[in-house]
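The chain contents come next:
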Amino acid sequence: MKNESSEKLIKRVQKRAMFFSLMLILTIFVFTKSVLYCIMFFVGSCVSLLGYYLMILVVDRVIHKRKGKGFFVLAGFGKLIFISVIFILVSRYSEPAVLFYLLGLSVIIMSIIGEGGRQLYRSFKDGA
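Remember, predicted model here, so these are calculated numbers, not experimental data.

**Student:** Just to check I follow, could you spell out the pattern of salt bridges for this structure?
**Tutor:** Oppositely charged side chains can pair when the atoms bearing their charge come close. One pass over the full model with this rule turns up 3 salt bridges. The salt bridge partner of R16 is E115, with a shortest N-O separation of 2.8 Å. Of this pair, R16 sits in helix α1 (residues 6-32) while E115 is found in helix α5 (residues 107-125), placing the two residues 99 residues apart along the sequence. You can call E115 buried: its relative accessible area is 3%. Measuring nitrogen to oxygen at the nearest pair gives 3.7 Å for the salt bridge that ties E115 to R118. With E115 and R118 both in helix α5 and 3 residues apart, this pair spans about one turn of that helix.

Quick look at the structure:
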């Protein structure tokens, strides 16, 4: 099995997340015919992609400088507050809007699971 750089892995996860977002937005619109639900899903997926990107930046900073663990905790707390504030705003619309927002937040998780499946398939294919 050939070695890959972590940058390629991160780019693949981000591309897969964007692909999932586009496919799910189209699916949501086809089944619900509601632009509002598509917007709520899009906001959730943007928040999840932003959180993923921020996590990568913070972890790289902590690893390279060997300090800044407080910044790591502060960034995580800030992300949690940001997600909660948007959740409160979305919850004022309707219950289905909240569900679509939560589905949008899970896009990055689906993408990471997809990449894990790809890596697992690759390891079986290469005989490792």
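**Student:** Just checking my understanding: could you explain the packing of α1 against helix α2 (residues 35-65) for this structure?
**Tutor:** Each pair of packed helices can be summarised by the angle the axes make with each other and by the distance between the axes. Closest axis-to-axis distance for the α1/α2 pair is 9 Å, and the angle between their directions is 170°. Taken together, α1 and α2 sit at an angle that is classed as roughly antiparallel. Where α1 abuts α2, its residues I10, V13, Q14, A17, M18, S21, L24, I25, I28, F29 and T32 lie against V35, Y37, C38, F41, F42, S45, L49, Y52, Y53 and I56. Among the residues forming the contact of α1 with α2, the class breakdown is 17 nonpolar, 4 polar and no charged.

**Student:** Can you help me understand helix α3 (residues 69-91) in this one?
**Tutor:** One turn of the α-helix equals 3.6 residues, which is why residues spaced by three or four share an orientation. The end-to-end C-alpha distance of α3 is 33 Å, a good match for the 33 Å that 23 residues give at a rise of 1.5 Å each. Taken residue by residue, α3 has A75, I86 and V90 as its buried positions. If you follow the buried residues of α3, they end up packed against α2 and α4 (95-105).

**Student:** Teacher, can you tell me more about unusual backbone geometry here?
**Tutor:** Trans is the common state for peptide bonds, and a negative phi is the common state for residues other than glycine. One non-glycine residue, K33, lies in positive phi territory at about 55°. Mapping K33 onto the fold places it in the loop between α1 and α2. Given a relative accessible area of 60%, K33 falls into the exposed group.

**Student:** Looking at this model, I keep getting lost on the nonpolar core. Mind explaining?
**Tutor:** For soluble globular proteins, nonpolar side chains are generally found buried alongside one another. Within the largest apolar cluster, 21 residues are counted, with the highest numbers of intra-cluster contacts made by I28, F41, V90, F100, Y101 and I108. Among the elements that line this core, the one with the most residues is α2, at 8 residues. Dropping the residues within four chain positions of it, V90 is found in contact with M40, A97, V98 and Y101.

**Student:** Would you mind going over the packing of α2 against α4 with me for this structure?
**Tutor:** It is at 6 Å that the axes of α2 and α4 come closest, and there the two elements cross at 35°. Taken as a pair, α2 and α4 cross one another with a handedness that is right-handed. Counted together, Y37, M40, F41, V43, G44, S45, V47 and S48 of α2 and P96, A97, F100, Y101, L103, G104 and L105 of α4 form the full contact between these two elements. Broken down by class, the residue content of the contact of α2 with α4 amounts to 11 nonpolar, 4 polar and no charged.

**Student:** Is there a simple way to think about the packing of aromatic side chains in this case?
**Tutor:** The geometry of an aromatic ring pair comes down to the distance between the two centres and the angle between the two planes. If you walk through the whole model with that rule in mind, you get 3 aromatic pairs. Geometrically, the ring pair formed by Y37 and F100 is stacked, given 4.9 Å between the ring centres and 25° between the ring planes. Of the two residues, Y37 sits in helix α2 while F100 sits in helix α4, which places them 63 residues apart along the sequence. Accessibility assignment for this pair places Y37 and F100 in one class, buried. Look at F87 and Y101: their rings are 6.4 Å apart centre to centre, the planes differ by 45°, and that puts the pair in the tilted class. You can see F87 sitting in helix α3 and its partner Y101 sitting in helix α4, a full 14 residues away along the chain. Stacked on the ring of F71, the Lys or Arg R61 has its end atom at 4.5 Å from the ring centre.

Calculation rules
Residues numbered from 1 in each chain as written. Predicted model: local features only at pLDDT ≥ 70, side-chain atom pairs only at ≥ 80, totals over all residues. Heavy atoms only, no water. Salt bridge = Lys/Arg side-chain N within 4 Å of Asp/Glu carboxyl O. Helix = DSSP H or I, 4+ residues; strand = E, 2+ residues; numbered from the N terminus. Buried < 20%, exposed > 50% of the residue type's maximum accessible area, 1.4 Å probe, protein only. Axes fitted to C-alpha atoms, helices over the stretch in contact; angles between N-to-C directions. Parallel < 35°, antiparallel > 145°, perpendicular 65-115°, else oblique. Contact = heavy atoms within 4.5 Å. Nonpolar A, V, L, I, M, F, W, Y, C, P; charged D, E, K, R; others polar. Expected span 1.5 Å × (residues − 1). Core = buried A, V, L, I, M, F, W, Y, C linked by side-chain atoms within 4.5 Å. Left-handed = near helix turned anticlockwise from the far one by under 90°. Phe/Tyr/Trp six-rings, centres within 6.5 Å; stacked < 30°, edge-to-face > 60°. Lys NZ or Arg CZ within 6 Å of the ring centre and 35° of its normal.

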